[in-house]
Amino acid sequence: MRAGLIPGWTHNYEREDCDLIPPSFSPDHDWLDFHPSPSRPLYRVPEGAVDAHCHVFGPGSRFPFAPERKYTPCDAGTDALVRLRDRLGFYRNVIVQATCHGADNSAMVDALHTLDGRARGVATIRPDITDDELTRLHRAGVRGVRFNFIKRLVDPKPDSYYHQIIARISRLGWHIVVYFEAADLAERWDFFTSLPTIVVVDHMGRPDVTQTPDGEEFKLFRQLMRDHPQFWCKVTCPERMSVSGPPDYADVTPFARCLVEEFPNRVLWGTDWPHPNLKSHMPDDGKLVDLIPRITQSEELRRLLLIENPTRLYWPELCV
Ligand code: 0GY
């Protein structure tokens, strides 16, 4: 077989019996690996709960990381995700394509096949994707695309780029996931509110939690959610936004609580495992689950957050 037929593989000119070498990647020097043995949560999530925001990385030897990536992670494949899912007590996952894989969704699609209906995917695609490839993604379980506006993760693109993608996915009934920083919302407002599908905002629109939920930035985000009922959001990533820090991430809880109480039918929860690009510490995923009752003590709101909302969005066929 000639090198080049499999992305990332190279020739081994030293050996005759095995002439191809799989790609090999070293994580960034400051990369933090996911927690090796998360605690079993004290809070038992209700049966059928969905972890609605997680990723898979590689393994790089099988699913090479994208040349245009802004970081190189550790491997975090499907086996490890399944172990985490079972330890935390979740039944389903939504796997969001991570930027380190660019628009090559192979690792995520492989995970969807392995998880056999118990996972759905959110892909990253380019406008030149073929219809056949889109159909293949849909059959694998992809139900959305992600538009990422975080400059440290992706190079900026003109709005026309996204409009071309929107035109490509319109026949599939997918939604759009957007990832941006709170400070960029005002500038992107017209674009976001013109999107023709359900729009799911990652990580509560990344509020600056040194302000209060009544501060100007978060007020604008709540206005977005209030005035545009097609908007949903994920009350995720306290570990990414907190200034007060682990294990309680107490400064993030009021933001999550406020969204869950005001928009109970349009919120999702997820681990964000394997937690890319954290710099200060790696959370214990079991302890993240234990924060859910602090967001809301209402069992009814927790059912919406963990089961009914994600199931309605990603497995509508299960809702009667
Ligand atoms: C997250 C957050 C981050 C990374 C990505 O796709 C990604 O690379 O989403 C981040 O660095 O903030 O949702 O995982």
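As shown above, the structure is provided for reference.
First things first, this report covers the structure right here in the doc.

The rules behind these values
- Residues numbered from 1 in each chain as written.
- Predicted model: local features only at pLDDT ≥ 70, side-chain atom pairs only at ≥ 80, totals over all residues.
- Helix = DSSP H or I, 4+ residues; strand = E, 2+ residues; numbered from the N terminus.
- Rg over C-alpha atoms; globule rule 2.2 N^0.38 Å.
- Buried ≥ 20, exposed ≤ 12 C-beta atoms within 10 Å, placed from the backbone.
- Contact = placed C-beta atoms within 7 Å.
- Core = buried A, V, L, I, M, F, W, Y, C linked by C-beta atoms within 7 Å.
- Near = placed C-beta within 6 Å.
- Nonpolar A, V, L, I, M, F, W, Y, C, P; charged D, E, K, R; others polar.
- Pairing = 2+ DSSP bridges.

Thoughts on the overall build of the chain
Point 1. In terms of regular secondary structure, the chain is built from 11 helices and 10 strands.
Point 2. At 20 Å, the chain has a C-alpha radius of gyration in line with the 20 Å of a compact globule built from 320 residues.
Point 3. Dimensions of the chain along its principal axes, counting C-alpha atoms only, are 65 × 45 × 40 Å.
Point 4. Counting only residues that meet the buried cut, the chain has 39% of its 320 residues in that class.
Point 5. Pairs at least 24 apart in sequence give 73% of the contacts found in the chain among residues at least 6 apart.

Looking at the nonpolar core
Point 1. By size, the foremost hydrophobic cluster in this structure holds 75 residues, and its most contacted members are Ile95, Val178, Cys233, Val235 and Leu259.
Point 2. In contact with Val235, not counting residues within four places along its chain, are Met204, Ala256, Leu259, Val260, Val267, Trp269 and Ile295.

Overview of the site of the ligand
Point 1. Taken together, His55, Ala98, Thr99, Cys100, Leu153, Asp202, Asp272, Pro276 and Asn277 make up all the residues around the ligand.
Point 2. The class makeup of the residues in the shell around the ligand is 4 nonpolar, 3 polar and 2 charged.

Notes on unusual backbone geometry
Point 1. At the junction of Pro246 and Pro247, the peptide bond is cis and its omega measures out at -5° in the coordinates.
Point 2. In this fold, Pro247 is placed in the loop between helix 7 (238–241) and helix 8 (253–262).
Point 3. Between Trp273 and Pro274 the backbone carries a cis peptide bond, its omega angle lying at 0°.
Point 4. Structurally, Pro274 is set in the loop between strand 10 (267–268) and helix 9 (285–290).
Point 5. The backbone of Cys237 sits at a positive phi, close to 70°, despite the residue not being glycine.

Some points on the pairing of strand 6 (residues 142–148)
When a strand is regular, its side chains alternate between the sheet's two faces.
Point 1. Here strand 6 lies mainly inside the structure; 6 of its 7 residues are buried.
Point 2. For strand 5 (residues 119–123) and strand 6, the ladder comprises 3 bridges, and the chain directions are parallel. Bridge pairing in strand 6 links Ala123 to Val145.

Some remarks on the environment of Ile165
Point 1. Looking at where Ile165 falls in the secondary structure, it is placed in helix 4 (residues 159–169).
Point 2. A residue is classified by how many C-beta atoms lie within 10 Å of it, and Ile165, with 20 of them, is buried.
Point 3. Considered as a pair, Ile165 and Val252 are 87 residues apart in the sequence and their alpha carbons are 33 Å apart.
Point 4. Residues within four places of Ile165 in sequence aside, it is in contact with Ile125, Pro127 and Val145.

Comments concerning helix 2 (residues 106–115)
Point 1. Every buried residue of helix 2 is listed here: Ala107, Met108, Val109, Ala111 and Leu112.
Point 2. Structurally, helix 2 contributes buried residues whose contacts are with helix 1 (78–88), strand 4 (92–96), strand 5 and helix 3 (131–140).
Point 3. Where helix 2 ends, the next residue or the one after it, Asp116, has phi of about 50°, a positive value.

Looking at the sheet that holds strand 4
Point 1. Read across the sheet, 8 strands follow the order 3-4-5-6-7-8-9-10 without closing on themselves; strand pairing throughout is parallel. Here the strands that pair on one side only, and so sit at the sheet edges, are strand 3 (50–54) and strand 10.
Point 2. Relative to strand 7 (residues 175–179), strand 6 is paired through 5 bridges, and the arrangement is parallel. Bridged to Asn148 within strand 7 is Tyr179.

Regarding the environment of Trp273
Point 1. With respect to the secondary-structure elements, Trp273 resides in the loop between strand 10 and helix 9.
Point 2. Classification of Trp273 by C-beta neighbours within 10 Å gives buried; the count is 24.
Point 3. For the pair Trp273 and Asp51, spaced 222 residues apart in the sequence, the C-alpha separation amounts to 9.4 Å.
Point 4. In this view, Trp273 contacts Phe34, Cys54, Leu81, Leu84 and Asp285; residues no more than four positions away in its chain are not counted.

Section: the environment of Val82
Point 1. Here Val82 is to be found in helix 1.
Point 2. In this structure, the C-alpha to C-alpha distance between Val82 and Ala111, residues 29 residues apart in sequence, is 9.6 Å.

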